[in-house]
Amino acid sequence: MFFSYDYKQSHEADRRAVMQGTPARVFMERAGLALADTVEAAMNAVEADEALFVCGGGNNGGDGFIAARLLAERGRATQILCLAEKFSSDCARAKIRYKGEVLGRIPRRRYALVVDCVLGTGLSRTPEGDAAALIAFINSNGAYVVSCDVPSGLSDNGIALTPCVRADETLTMGYMKNALTLADGVDVAGRVSIADIGISTPDKGTRVWEDEDVATYFPYKRSNVNKGTFGKAYLLSGGTRIGAVTLSARACLRSGCGYTFVCVPEAYAAQLGVAMPSCVVGDFHGLNAEILSADAVALGMGAGVNKELYELVVGLLNEYQGTLILDADALSALAAYGMEPLKKSACEVILTPHPKEFSRLTGRSVKEILDDALPLAGEFAREYGVTVILKNNRSIISNGIQTVINSTGTPALAKGGSGDVLSGLLVGTCARGVSAFEAACVSSFILGRAGELAEEETGDYGTTPEDVILKIPQAIASVRQ
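Residues numbered from 1 in each chain as written. Predicted model: local features only at pLDDT ≥ 70, side-chain atom pairs only at ≥ 80, totals over all residues. Heavy atoms only, no water.

**As for the overall build of the chain**
In step 1: Scanning the chain for helices and strands turns up 20 helices and 19 strands.
In step 2: Expressed as lengths along the three principal axes of its C-alpha atoms, the size of the chain is roughly 80 × 40 × 40 Å.
In step 3: Out of the 481 residues in the chain, the part that is buried amounts to 56%.
In step 4: Sequence-distant contacts, at least 24 apart, represent 71% of the contacts inside the chain between residues at least 6 apart. (Helix = DSSP H or I, 4+ residues; strand = E, 2+ residues; numbered from the N terminus. Buried < 20%, exposed > 50% of the residue type's maximum accessible area, 1.4 Å probe, protein only. Contact = heavy atoms within 4.5 Å.)

Right, here's the structure in full:
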């Protein structure tokens, strides 16, 4: 596990470090040294004879001036492109100490390696003027790009503004930044590494789980067990689109739970029972004592949005005492007919909205949600007393008290049915006795890893949800290693 931090947290940690007695210029010197080492390694890797540092007038530019100076002292050829007219005091000091060439206009030549030191963290508006021109130059040059701290043009919430540098690698200073772990940051930052410059990590960061965190939820099974040891999962669908619940059931079978029950309309039960002999398939006639005795229940996949579904959701919220996963049409029913029953739930509840579904649940636009995904997920979970998985390329999981950014995934999962696979993993993991929040973290991670493994064989275009399901066992094995 590691932690990721927003701009306010980072800024406060920097301020506190300076207040404790170390001048800001010392931290800048350390950052410049780390950047110089990273750039030199990149020069060797791409066989570049020269590095062009593109610097702004702030502290990010100061890191670049120092790194260029240190590389020049090592005998490396460096140039700096800087169009700034105003400089922070530490950047101005670093600029004076650099004795090499500083270009005052954008060159027409191409470079093998360019270092992006234009803008740092905390960007909240679209780059304009000289900054925009420099970013456009970096992206059009065709060079290998190293970004300092974060790619210029990347906002704190991971949204790539226009324009934004597309880096091959990013060296971030001190600790991981939210911008690099969310949304577009995953694509534009390239390979990310962290430089230790002697600043203590900020307080109250967002957790990012890794393999070892997930592995604890898949202990090696002792031999003296039976199917009853690992719980009963129920998947309910009163609708005609049984493909969705079928995908969920197949994923549930690979989650490690003991029983997978699937309840569908009578017209489809026999067909599904033949197709999925490992499941217990039955007719769906609404709530009954058997369903209410399940360890975990999932509802909404292919169900169809109507008042009957909403009444079923409300009935479960009122009577069921296990863990309830509400997905797809169940979310749409809540949005259409009312959210208040969530606040009085007798069970643990997991909601799995993608941004458009979350928009319907909250009344906010998709843009608002993407711009403030972390706080909005936490606020919603806290208000309704649920665990939320706000699905995206890097999903956010929150129960209003704890929040985790999922670190796995691939564009190959951007396909109808992937959410159904997640719901199946969730209901099976909860049935094994894992708490709602932890199951949400574990299942999101395993889905992302299974997608990555499937993509390796079938590509980012050709991967199907069925391919992902087949890779679930391998995904679990990978975290246990």
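**Quick notes on the side chain of Ser359**
In step 1: As for its position among the elements, Ser359 is in helix H14 (residues 355-362).
In step 2: Using a relative accessible area of 16% as the deciding quantity, one classes Ser359 as buried.
In step 3: Beyond its immediate stretch of four places on either side in the chain, Ser359 contacts Arg364, Ser365, Val366 and Ile369.

**Concerning helix H4 (residues 89-97)**
In step 1: All of the buried residues along H4 are Asp90, Cys91 and Ala94. The buried side chains of H4 occupy one side of the element, clustering within an arc of 100 degrees when seen end-on. The exposed residues of H4 that point more than 90 degrees off its buried face are Ser89 and Ile96.
In step 2: Looking at the packing, one finds that the buried side of H4 touches helix H2 (24-46) and helix H3 (59-73). (Arc of directions from axis to C-beta.)

**A word on the packing of helix H13 (residues 329-337) against H14**
In step 1: One way to put it is that H13 packs onto H14 with a least axis distance of 8 Å and a crossing angle of 25 degrees. Taken as axis vectors, H13 and H14 run roughly parallel relative to one another. Taken as a pair, H13 and H14 cross one another with a handedness that is left-handed. Every residue of H14 that contacts H13 at Leu331, Ser332, Leu334 and Ala335 is listed here: Glu357, Arg360 and Leu361. (Axes fitted to C-alpha atoms, helices over the stretch in contact; angles between N-to-C directions. Parallel < 35°, antiparallel > 145°, perpendicular 65-115°, else oblique. Left-handed = near helix turned anticlockwise from the far one by under 90°.)

**Digging into unusual backbone geometry**
In step 1: Residue Pro163 follows Thr162 across a cis peptide bond; omega there is 5 degrees.
In step 2: By secondary structure assignment, the location of Pro163 is in the loop between strand S6 (144-148) and strand S7 (169-173).
In step 3: The residue Glu47 is not glycine, and still its phi comes out positive at about 55 degrees.
In step 4: Here Glu47 shows up in the loop between H2 and strand S2 (50-55).

**Considering the pairing of strand S5 (residues 113-117)**
In step 1: Counting buried residues along S5, 5 of its 5 residues qualify, which places the element largely inside the surrounding structure.
In step 2: Neither face of S5 is exposed, since Leu113, Val115 and Cys117 on one face and Val114 and Asp116 on the opposite face are all buried.
In step 3: Of the strand pairs in this sheet, S2 and S5 are connected by 4 bridges, and their pairing is parallel. From the neighbouring strand, Leu52 faces S5, where its bridge partner is Val114.
In step 4: The pairing of S5 with S6 spans 4 bridges and is classified as parallel. Bridging across to S6, Asp116 finds its partner in Ser147.
In step 5: For the crossover from S5 across helix H5 (residues 129-140) to S6, the handedness is right-handed. (Pairing = 2+ DSSP bridges. Right-handed = clockwise from strand over helix to strand, strands pointing away.)

**Considering the sheet that holds strand S16 (residues 348-351)**
In step 1: Overall, mixed pairing links the 12 strands, which are arranged S8-S1-S10-S19-S18-S17-S16-S15-S14-S11-S12-S13 in an open sheet. At either end of the open sheet lies a strand with only one pairing partner, and these are strand S8 (176-177) and strand S13 (280-283).
In step 2: Running at roughly 175 degrees to strand S12 (residues 259-264), helix H9 (residues 242-253) makes contact with strand S11 (232-236) and S12 of the sheet.

**Comments concerning the pairing of S2**
In step 1: Within S2, 6 of the 6 residues are buried, which leaves the element mostly enclosed by the surrounding structure.
In step 2: Along S2, one buried face is formed by Glu50, Leu52 and Val54 and the opposite face, lined by Ala51, Phe53 and Cys55, is buried too.
In step 3: In the sheet, S2 pairs with strand S3 (residues 77-82) via 6 bridges, with the strands oriented parallel. The residue of S3 that forms the bridge with Phe53 is Ile80.
In step 4: Following the chain from S2 across H3 to the adjacent parallel S3, one finds a crossover that is right-handed.

**Points about the packing of aromatic side chains**
In step 1: In this structure the tally under the stated criterion is 8 aromatic pairs.
In step 2: With 5.2 Å between their ring centres and 65 degrees between their planes, Phe358 and Phe380 make a pair best called edge-to-face. Of this pair, Phe358 sits in helix H14 while Phe380 sits in helix H16 (residues 373-384), and the two are 22 residues apart along the sequence. Per residue, the accessibility class of Phe358 equals that of Phe380, and both read buried.
In step 3: Where Phe380 meets Tyr384, the ring centres are 4.7 Å apart and the plane angle is 40 degrees; that geometry is what we call tilted. Here the residue Phe380 and the residue Tyr384 both occupy positions in helix H16, the gap between them amounting to 4 residues, near one helical turn. (Phe/Tyr/Trp six-rings, centres within 6.5 Å; stacked < 30°, edge-to-face > 60°.)

**Some remarks on the nonpolar core**
In step 1: Judged by nonpolar contacts, the single largest core of 56 residues is most densely connected at Val214, Phe218, Val262, Val427, Ile446 and Ile472.
In step 2: Among the elements that make up this core, the one with the highest residue count is helix H18 (residues 436-462) (12 residues).
In step 3: Here Ile446 is in contact with Val214, Phe218, Leu425, Ile472, Ala475, Ile476 and Val479, once residues within four sequence places are set aside. (Core = buried A, V, L, I, M, F, W, Y, C linked by side-chain atoms within 4.5 Å.)

**Let's talk about the pattern of salt bridges**
In step 1: Under the defined criterion, the tally for this structure stands at 19 salt bridges.
In step 2: Between Arg74 and Glu40 there is a salt bridge, and its shortest N-O distance comes to 2.6 Å. With Arg74 in the loop between H3 and S3 and Glu40 in helix H2, this pair connects stretches of sequence that are 34 residues apart.
In step 3: Since its relative accessible area comes to 36%, Arg74 is described here as partly exposed.
In step 4: A salt bridge links Lys471 to Glu457, with the shortest nitrogen-to-oxygen separation between them at 2.6 Å. Here Lys471, found in the loop between helix H19 (465-470) and helix H20 (472-480), pairs with Glu457, found in helix H18; they are 14 residues apart in sequence, far enough to count as distant.
In step 5: Ionic contacts of the salt-bridge type, sharing partners, join the residues Glu29, Arg69, Glu73 and Arg97 into one network. (Salt bridge = Lys/Arg side-chain N within 4 Å of Asp/Glu carboxyl O.)

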